[in-house]
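Understanding the architecture of this molecule
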Amino acid sequence: MPVSWETMYAERTCSMKGSGIREFFKLTEQPEVMSFAGGFPSAECFPQEAIGQALQALAMQQGASSLQYGPTEGNWQLRSMLADKMSKEGTYAAADNILITNGSQQGLDLIGKVLLNPGDYAVVEEPGYVGGLGAINNYQGSIIPIPIDEEGLSVEMLAAKLQQMEGEGGRVKLAYVVPNFQNPTGVTMSLERRRRLLELACRYDFLIIEDNPYGELCYEGEQLPSIKSMDSEGRVIYLGSFSKVFIPGIRVAWMVADDMLMEKLITAKQSTDLCSNTLGQHLVLSFSVGG
């Protein structure tokens, strides 16, 4: 008898939806299409010759490490470099607080896997990044959309919603935001609203996912401090990526989290992929440390 697949699927698959991003990717395979939909860097800007030379050197000179499996947490030298980078930007982070991931999307998935129970409430921006929404949906989180305007997330509307939920016995567990050049609107959250969002997180006891793939693409004015840099309680989980500032194909990104949470995230990642792209991590290092 044929397999009755509907009886085989886990219950959580009922809430899973296909990624709109993947549909965008299919279109980019058509040579006549110039896509503005998926956050694609211009391929004309990729340093192809330099990357080819670096890859050849890595394979010949560091093949024993660059072509081998690596630790789940990621390459120690890369994590140390990222810790130093973030500390210079005002966010103290030790290498042990950093986890290398296969793109920020994996970071979002790991957060959902570790933190979300079915029905847990998660605040998102409206409109919001479809990859973040998908990660929440896949773990059966209940989404609370909060509109954004020219200063980012409407924190006063969020405050009103949180107060209402508190009166009804409800609780938000996560707030997911892209504060710099938000996808899809391009809006940057004001400093005042960043501070207010963190105040609300402390007041109502929820965590903030700060997704920052675009922050370094600031060509005018000064970069605003990250929400993570203002965090004294470990409430902010920070996601960074090399997809927009280097090349996306290597899928090298990172996340910064509190020590206690990091233990769980590493355990979850071990059962997902064992380790991230080792060659890609070495490639990032070769371009970042005078290579």
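I will try to describe carefully the structure that is included in this document.

**Regarding a nonpolar patch on the surface**
- Residues V3, W5, M8 and Y9 make up a contiguous nonpolar surface patch of roughly 470 Å² in combined accessible area.
- Among the secondary structure elements, W5 is positioned in the segment before α1 (20-28).
- For W5, a relative accessible area of 51% corresponds to the exposed category.

**Regarding the environment of P184**
- Looking at the secondary structure, you find P184 in the loop between β5 (172-177) and α8 (191-204).
- Between the alpha carbons of P184 and E126 there is a distance of 9.5 Å; along the sequence they are 58 residues apart.
- Among all residues touching P184, those that are not within four sequence positions of it are P127 and G128.

**Digging into the packing of helix α7 (residues 155-167) against α8**
- At a minimum axis separation of 10 Å, α7 and α8 run at an interaxial angle of 10 degrees. Judged by the angle between their axes, α7 and α8 are roughly parallel. Contact with α7, carried on its side by V155, E156, L158, A159, L162, Q163 and E166, involves R193, R196, L197, L200, R203 and Y204 of α8 and no other residues of that element.
- Split into classes, the residues belonging to the contact of α7 with α8 amount to 7 nonpolar, 1 polar and 5 charged.

**A look at the nonpolar core**
- One finds I111 and L265 to be the most contacted residues of the largest nonpolar core, which totals 26 residues.
- Secondary structure elements with two or more residues in this core: α5 (103-115), β2 (121-126), α6 (130-138), β5, β7 (236-241) and α9 (259-270).
- At 5 residues, the largest contribution of residues to this core is made by α9.
- Of all hydrophobic cores here, the second largest spans 23 residues; its members include I144, L162, L197 and I227.

**Some thoughts on the sheet that holds strand β8 (residues 252-256)**
- The strand order β1-β8-β7-β6-β5-β2-β3-β4 describes an open sheet built from 8 strands, whose pairing is mixed. If you trace the sheet from one side to the other, it starts and ends with β1 (98-102) and β4 (152-153), each paired once.
- Pairing of β2 with β5, which is carried by 4 bridges, proceeds in the parallel orientation. Paired with V124 across the bridge in β5 is Y176.
- Contacts from α5 reach β1, β5, β6 (207-211), β7 and β8 within the one sheet, and its direction differs from that of β1 by about 115 degrees.

**Thoughts on the pairing of β6**
- The buried fraction of β6 is high, at 4 of 5 residues.
- One crossover worth recording links β5 to the parallel β6 by way of α8, and it is right-handed.
- Where β6 lies against β7, 4 bridges are found, and the strand directions are parallel. For I209, the partnering residue across the bridge sits in β7 and is I237.

**Things to note about the pattern of salt bridges**
- Applying the stated criterion to the full structure yields 14 salt bridges.
- K88 serves as the salt-bridge partner of D84, at 3.2 Å between the closest nitrogen and oxygen. Taken as a pair, D84 and K88 lie in helix α4 (residues 76-88) at a separation of 4 residues, close to a single helical turn.
- Judged by its relative accessible area of 68%, K88 falls in the exposed class.

What counts and what doesn't
Residues numbered from 1 in each chain as written. Predicted model: local features only at pLDDT ≥ 70, side-chain atom pairs only at ≥ 80, totals over all residues. Heavy atoms only, no water. Patch = residues over 30% accessible without salt bridge, like charges linked within 9 Å, V, L, I, M, F, W, Y side chains within 5 Å. Areas by Shrake-Rupley, 256 points an atom, 1.4 Å probe, with all protein chains shown as cover. Salt bridge = Lys/Arg side-chain N within 4 Å of Asp/Glu carboxyl O. Helix = DSSP H or I, 4+ residues; strand = E, 2+ residues; numbered from the N terminus. Buried < 20%, exposed > 50% of the residue type's maximum accessible area, 1.4 Å probe, protein only. Contact = heavy atoms within 4.5 Å. Axes fitted to C-alpha atoms, helices over the stretch in contact; angles between N-to-C directions. Parallel < 35°, antiparallel > 145°, perpendicular 65-115°, else oblique. Nonpolar A, V, L, I, M, F, W, Y, C, P; charged D, E, K, R; others polar. Core = buried A, V, L, I, M, F, W, Y, C linked by side-chain atoms within 4.5 Å. Pairing = 2+ DSSP bridges. Right-handed = clockwise from strand over helix to strand, strands pointing away.

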